[in-house]
Amino acid sequence: MFSEVSLISFEMCLPIEEHALTVMTWRNDPTTLSMSFHRGPKLWETFWPEFQETYFLNPPELHPVFALLEGRRIGFLKFNPVPHPLGLPRLTVDISINIAPAFRAKGLGRKVIAASLEHLRTRGVGSVFAEVLAHNEASIKSFTAVGFMPIGTSDKLNPDTRETDHVHQFVAELAAGVGGADGGSSRDAKT
Ligand SMILES: CC(C)(COP(=O)(O)OP(=O)(O)OC[C@H]1O[C@@H](n2cnc3c(N)ncnc32)[C@H](O)[C@@H]1OP(=O)(O)O)[C@@H](O)C(=O)NCCC(=O)NCCS
């Protein structure tokens, strides 16, 4: 897997209009909307301030990134610190991914997710949590293909649609890196 994954690199996303427009355009793709918890399309007047004010609140090492394939932007990833879903004492982030519509269903999703695990591990992250709508087959296959373990399901009331979303939850435990935020304790904590 390493040789495939090594084709993927990351570019820090910045609070600039060009980046916001790319993120909003991919986010408004109909497939992405149907696979999101919030299904309404974003409007520039409200998305631009939302992007500036909420996308860069985490420490810089956890800022969102664009995934690059041979220097070309093919996807966007966002990370958010959360408690470990099983209570383990380690830095855990929730991951969200959007592969650019033109690059989907080419086997890139799993490669980008795999590369993102290494990106996060070297930044001290110990575990990565993913929540996926039950009907999102491509996403479920992508996460499980790179080692995410199913840990449960839940039903969530969607405030936008007022319907119940059936959600699958996954976690990937990362090998502790030298100087990782959990000081290496993750190896002992692994189940
Ligand atoms: C979900 C997503 C990241 C997957 O990335 P991808 O590059 O399209 O997926 P891949 O080409 O790596 O395919 C992964 C698997 O899903 C399958 N797949 C791809 N598109 C599919 C589709 N539309 N329906 C069902 N299965 C699909 C592939 O055949 C492959 O299956 P396999 O493991 O049996 O070979 C990407 O499609 C995407 O960004 N979708 C929109 C946003 C989204 O859903 N994000 C995730 C929210 S949790």
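Shown above is the structure to which this text applies.
1. Focus on the overall build of the protein
Then comes step 1: When helices and strands are counted, the protein shows seven helices and seven strands.
Then comes step 2: Of all intrachain contacts in the protein linking residues separated by at least 6 positions in sequence, the fraction that spans at least 24 positions is 63%.

2. Some details on the site of the ligand
Then comes step 1: The local shell around the ligand holds 21 residues, among which Met 35, Arg 104, Gly 109, Ala 138 and Lys 141 are the closest.
Then comes step 2: Contributions of two or more residues to the shell around the ligand are made by α3 (30-34), β4 (92-99), α5 (108-121) and α6 (137-145).
Then comes step 3: At six residues, the largest contribution of residues to the shell around the ligand is made by α6.

3. Notes on α5
Then comes step 1: A rise of 1.5 Å per residue sets the reference length of α5, with its 14 residues, at 20 Å; its end C-alpha atoms lie 20 Å apart and thus fit the reference within 8%.
Then comes step 2: Most of α5 is tucked away, with ten of its 14 residues classed as buried.
Then comes step 3: Buried within α5 are the following residues: Leu 108, Gly 109, Lys 111, Val 112, Ile 113, Ala 114, Ala 115, Ser 116, Leu 117 and Leu 120.

4. Quick word on the packing of helix α2 (residues 17-27) against helix α4 (residues 44-54)
Then comes step 1: The interhelical angle for the contact between α2 and α4, taken along N-to-C directions, is 120 degrees, at an axis separation of 10 Å. Every pair of crossing elements has a handedness; the one defined by α2 and α4 is right-handed. Contacts from Glu 17, Ala 20, Val 23 and Met 24 of α2 reach α4 at Trp 44, Phe 47, Trp 48 and Phe 51.
Then comes step 2: For the contact of α2 with α4, a count of residues per class yields seven nonpolar, no polar and one charged.

5. Quick notes on the packing of α5 against α6
Then comes step 1: Closest axis-to-axis distance for the α5/α6 pair is 9 Å, and the angle between their directions is 45 degrees. Comparing their axes, α6 and α5 come out oblique. The handedness of the crossing between α5 and α6 is right-handed. Contacts from Gly 109, Arg 110 and Ile 113 in α5 reach Ala 138, Ser 142, Phe 143 and Ala 145 in α6.

6. Points about the sheet that holds strand β3 (residues 72-82)
Then comes step 1: The strand order across the open sheet built from seven strands is β1-β2-β3-β4-β5-β7-β6, with neighbouring strands paired in mixed fashion. The two strands at the open ends of the sheet, each matched to only one other strand, are β1 (8-12) and β6 (149-157). Adjacent strand axes in the sheet meet at a mean angle of 30 degrees when their direction is disregarded.
Then comes step 2: Bridge analysis of strand β5 (residues 127-133) against strand β7 (residues 164-173) gives seven bridges, and the strand direction is antiparallel. Within β7, the position partnered with Ser 127 by the bridge is Glu 173.
Then comes step 3: On top of the sheet, α5 reaches β1, β2 (65-69), β3, β4, β5 and β7; it is set at about 150 degrees to β4, its chief contact.

Reading the values: rules and limits
Residues numbered from 1 in each chain as written. Predicted model: local features only at pLDDT ≥ 70, side-chain atom pairs only at ≥ 80, totals over all residues. Helix = DSSP H or I, 4+ residues; strand = E, 2+ residues; numbered from the N terminus. Contact = placed C-beta atoms within 7 Å. Near = placed C-beta within 6 Å. Expected span 1.5 Å × (residues − 1). Buried ≥ 20, exposed ≤ 12 C-beta atoms within 10 Å, placed from the backbone. Axes fitted to C-alpha atoms, helices over the stretch in contact; angles between N-to-C directions. Left-handed = near helix turned anticlockwise from the far one by under 90°. Nonpolar A, V, L, I, M, F, W, Y, C, P; charged D, E, K, R; others polar. Parallel < 35°, antiparallel > 145°, perpendicular 65-115°, else oblique. Pairing = 2+ DSSP bridges.

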